[in-house]
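Residues per chain are reported as follows:
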Amino acid sequence: MSAESYPELQFQDVERQHHAAKLAVWLFLSTEVMFFAALFAAYSMFHYYYPEAFSECSHHMERWVATFETADLLTSSLFMALAIHSVKVDKRGLAGLFLFLAFLGGAVFLILHGHEYWKDASEGALPGRFYHLEEIKAPGAGMYYAIYFFMTGLHSIHVVAGMCLIAFVFIQNLRGRYSPAYYNPVEGVGLYWHFVDMVWVFLYPLFYLIR
Amino acid sequence: MSEPTPRAYIINWVALIGLTALTFGLAHVDLGAWNTPVAIAIAVAKAALIALIFMHLIVEGFVFRFVLVGATLLLLLLNLVVLLDASTRFPLATPPLSHRWEQSRVGKLE
């Protein structure tokens with residue numbers, strides 16, 4: 001029995017400690033929702049002001065790539081959920097494999113998104129006054145790309161952070177730190193990873209599927 | 001009630017991929033003014049599936065749901081207030097070349 005299966009001093013039992021750890025992650029995620037809320041509000045406002053530019057720019061985006069990215073993140077989320085389940089039923093090797101696959105999903109997402117950024121930048125589809133895309137002259141297109149780069153950029157930073165956290169729990173799992181009695185960090189990282197996926201679920205239609 | 005099983009996770013994943021395919025397909029169909037609301041409704045359904053099954057909200061207690069629902073309501077409130085502001089501004093306060101600015105120039109707002 002590892003030391004972690006005893007609760008910290010302030011908790012009556014392991015179960016309450018588990019509950020508190022999980023709730024703390026959820027509270028953190030609610031602050032993340034607030035963080036993104038301001039950006040979604042900016043999106044709503046400029047989409048309202050420049051509907052044509054948003055529609056034209058959205059048609060210019062690589063929809064197939066974004067759709068594949070969505071499927072990739074959803075699959076990565078599935079592996080994360082399976083990893084947590086595997087730790088809970090004491091299959092550490094399997095959990096390691098699933099954590100690795102979840103990490104891989106994040107890496108594939110970043111590579112594809114990097115490709116999109118590179119394409120946008122080389123075409124001149126840049127934020128604000130740096131915008132010089134020849135095809136779309138609609139006013140407000142620079143605003144679309146400003147919000148697009150900010151929101152997806154912030155989301156990509158979250159993906160990087162999530163991948164670092166997955167790498168951490170992957171190593172700790174290899175070192176045998178987790179057991180069915182103690183797996184709070186894996187579960188916390190999992191909640192974060194699912195949240196990152198959830199944010200993308202909204203970014204995908206807002207930026208790529210405007211009619 | 002216990003937490004979802006791997007079987008439930010896989011079914012959930014299939015549903016999420018299906019909804020992604022659906023929203024991608026519907027983006028190429030002209031639904032008039034309904035395109036954006038439908039796309040957002042599908043996104044909400046996907047987010048709900050992720051929260052309920054992957055994040056175990058379906059079996060968690062009230063306090064966990066309260067945290068997520070509370071944060072989401074504040075997000076909606078912020079969006080609503082910003083849109084109310086944007087749509088009720090008088091023309092001088094709207095950014096140049098935006099569609100409301102154009103409307104005010106040709107006198108459609110009066």
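Just so you know, these numbers come straight off a predicted model, no measurement behind them.

Quick notes on the rules
Each chain has its residues counted from 1, running along the sequence as written. The lettering of chains begins at A and the numbering of ligands begins at 1, in the order of writing. Owing to the predicted nature of the model, reporting of local features is limited to residues with pLDDT of at least 70; listing and counting of side-chain atom pairs is limited to 80 or more, with chain, interface and lining totals taken over all residues. Processing note: side-chain calculations cover all non-hydrogen atoms of the structure and skip hydrogens and water entirely. By definition, any uninterrupted DSSP run of H or I lasting at least four residues is a helix, any uninterrupted run of E lasting at least two residues is a strand, and each is numbered from the N terminus. Remark: exposure states derive from per-residue accessible area (1.4 Å probe, protein chains only) relative to the maximum for the residue type, with buried under 20%, exposed over 50%, and partly exposed in between. Contacts are assigned to residue pairs with any non-hydrogen atoms lying within 4.5 Å of each other. Calculation of accessible area relied on Shrake-Rupley with a 1.4 Å probe; when residues are assessed, cover is drawn exclusively from the protein chains displayed. In this charge count, Lys and Arg are treated as positive and Asp and Glu as negative; neither His nor the chain ends contribute. Where a charge sits is defined by one atom per residue type, namely NZ (Lys), CZ (Arg), CG (Asp) or CD (Glu). In the sections that follow, a salt bridge refers to a side-chain nitrogen of Lys or Arg positioned within 4 Å of a carboxyl oxygen of Asp or Glu. With axes taken as lines fitted to C-alpha atoms, and helix axes fitted only over the stretch in contact, angles between N-to-C directions fall between 0 and 180 degrees. Angular relationships are summarised with four words: roughly parallel below 35 degrees, roughly antiparallel beyond 145, roughly perpendicular across 65 to 115, and oblique for the angles in between. The buried area of a pairing is the accessible area, by a 1.4 Å probe, that goes missing from both parts when the two are put together, added over both. We call two N or O atoms a polar contact when they sit within 3.5 Å, provided that within protein one can donate a hydrogen and the other can accept it, with sequence-adjacent residues counted only if both atoms are side-chain atoms. Only buried residues count toward a nonpolar core, which is a set of Ala, Val, Leu, Ile, Met, Phe, Trp, Tyr and Cys residues joined through side-chain atoms within 4.5 Å. What a helix is expected to span follows from its residue count: subtract one and scale by 1.5 Å. The arc in question is formed by the directions pointing from the helix axis toward the C-beta atoms. Pairing of aromatic side chains requires ring centres within 6.5 Å, counting the rings of Phe and Tyr and the six-membered ring of Trp. Pairs whose planes differ by under 30 degrees are stacked, by over 60 edge-to-face, and all others tilted.

Student: Before we move on, can you summarise the overall build of chain B with the specific residues and values?
Tutor: Within chain B one finds four helices and zero strands. Start at the N end of chain B and walk to the C end: the helices and strands fall as α-α-α-α. A buried classification covers 32% of the 110 residues belonging to chain B. Residue pairs at least 24 apart in sequence account for 47% of intrachain contacts in chain B once pairs closer than 6 positions are excluded. Entry remark: accessible area of chain B is about 6,400 Å², with carbon and sulfur atoms responsible for 75%. The distance from the centre of the 7 positive side-chain charges to the centre of the 6 negative ones in chain B is 3 Å.

Student: So what's going on with the pattern of salt bridges? Residues and values would help.
Tutor: Residue and element names in this part refer to chain A. On inspection of all chains with the given rule, the structure shows seven salt bridges over all chains. The partner of Lys-119 in a salt bridge is Glu-123, and the shortest N-O contact between them spans 3.4 Å. Here Lys-119 pairs with Glu-123, and both are found in helix H4 (residues 92-123), just four residues apart, close to one helical turn. You can call Glu-123 partly exposed: its relative accessible area is 27%.

Student: Outline the packing of helix H1 (residues 6-26) of chain B against helix H2 (residues 35-54) of chain B, listing residues and values.
Tutor: Residues and elements named next belong to chain B. Where H1 contacts H2, the two axes come as close as 10 Å, and the packing angle between them is 170°. One finds that H1 runs roughly antiparallel with respect to H2. Where H1 approaches H2, its residues Ala-8, Tyr-9, Asn-12, Trp-13, Ala-15, Leu-16, Leu-19, Thr-20, Leu-22, Thr-23 and Leu-26 are matched on the opposing element by Asn-35, Val-38, Ala-39, Ile-42, Ala-45, Lys-46, Leu-49, Ile-50, Ile-53 and Phe-54.

Student: Please give an account of the interface of chain B and chain A that cites residues and values.
Tutor: The partner chain A presents 46 residues to the 50 residues of chain B that form the contact. Across the chain B/chain A interface, buried area totals approximately 4,500 Å², and carbon plus sulfur atoms make up 76% of it. Ranking the residues of chain B by area buried against chain A places Phe24(B), Met55(B) and Phe64(B) at the top, with a combined share of 15%. Counting the contacts that link chain B with chain A gives three salt bridges. Glu3(B) is the partner of Lys88(A) in a salt bridge, and the nearest nitrogen-oxygen pair spans 2.0 Å. Here chain B is connected to chain A by eight residue pairs in polar contact (both at pLDDT 80 or more). Breaking the side of chain B that touches chain A down by element, the ones donating at least two residues are H1, H2, helix H3 (62-87) and helix H4 (99-105) of chain B. The leading source of residues in the side of chain B that touches chain A is H3(B), at 14 residues.

Student: Break down the side chain of Ser98(B) for me, citing the residues and quoting the values.
Tutor: Assignment of secondary structure puts Ser98(B) in the loop between H3 and H4. Setting aside chain neighbours within four positions, we find Ser98(B) in contact with Tyr49(A) and Tyr50(A).

Student: Which residues make up the environment of Tyr144(A), and what are the values?
Tutor: Relative to the elements of secondary structure, Tyr144(A) occurs in helix H5 (residues 141-174). Beyond its immediate sequence surroundings of up to four residues, Tyr144(A) is in contact with Phe54(A), Cys57(A), Ser58(A), Met61(A), Phe207(A) and Ile210(A).

Student: Give me the lowdown on the nonpolar core, citing residues and values where you can.
Tutor: Tyr144(A), Tyr145(A), Phe207(A), Tyr208(A) and Met55(B) are the most contacted members of the largest nonpolar core, which has 91 residues in total. Per-element tally for this core: the top contributor is helix H6 (residues 184-208) of chain A, with 16 residues. Contacts of Tyr145(A), omitting those with residues within four sequence positions, involve Cys57(A), His60(A), Met61(A), Asp120(A), Ala125(A), Leu126(A), Pro127(A), Tyr131(A) and Leu133(A).

Student: Give a detailed account of H1(B), specifying residues and quantitative values.
Tutor: Residues and elements named next belong to chain B. Compared with an ideal rise of 1.5 Å per residue, which puts 21 residues at 30 Å, H1 spans 30 Å between its outermost C-alpha atoms and is within 8% of the ideal. Listed in full, the buried residues belonging to H1 are Tyr-9, Asn-12, Leu-16, Leu-19, Thr-20, Thr-23 and Phe-24. Buried residues of H1 fall within an arc of 135° about the axis and therefore sit on the same side.

Student: So what's going on with the side chain of Glu69(A)? Which residues, and what values?
Tutor: All names here are of chain A. Its location among the elements puts Glu-69 in helix H3 (residues 63-88). Of the buried charged residues, Glu-69 lacks a salt bridge, with Lys-119 as the closest side chain of opposite charge at 11 Å. A polar contact is formed between the side chain of Glu-69 and the side chain of His-113, at a distance of 3.2 Å. Apart from residues no more than four positions distant in its own chain, Glu-69 is found in contact with Phe-109, Leu-112, His-113, Glu-116, Trp-200 and Tyr-208.

Student: Before we move on, can you summarise unusual backbone geometry with the specific residues and values?
Tutor: Within the chain, Asp90(A) stands out as a residue other than glycine whose phi angle is a positive 65°. Within the element layout of this structure, Asp90(A) appears in the loop between H3 and H4. A positive phi angle, near 65°, is found at His56(B), a position not held by glycine. In this structure, His56(B) sits in the loop between H2 and H3.

Student: Give a detailed account of the packing of aromatic side chains, specifying residues and quantitative values.
Tutor: Residues and elements named next belong to chain A. One pass over the full model with this rule turns up 26 aromatic pairs over all chains. Ring plane angle 20° and centroid distance 6.1 Å describe the contact between Phe-79 and Phe-98, whose orientation is recorded as stacked. Taken as a pair, Phe-79 in helix H3 and Phe-98 in helix H4 lie far apart in primary sequence, 19 residues in all. The class for Phe-98 is buried, based on a relative accessible area of 15%.

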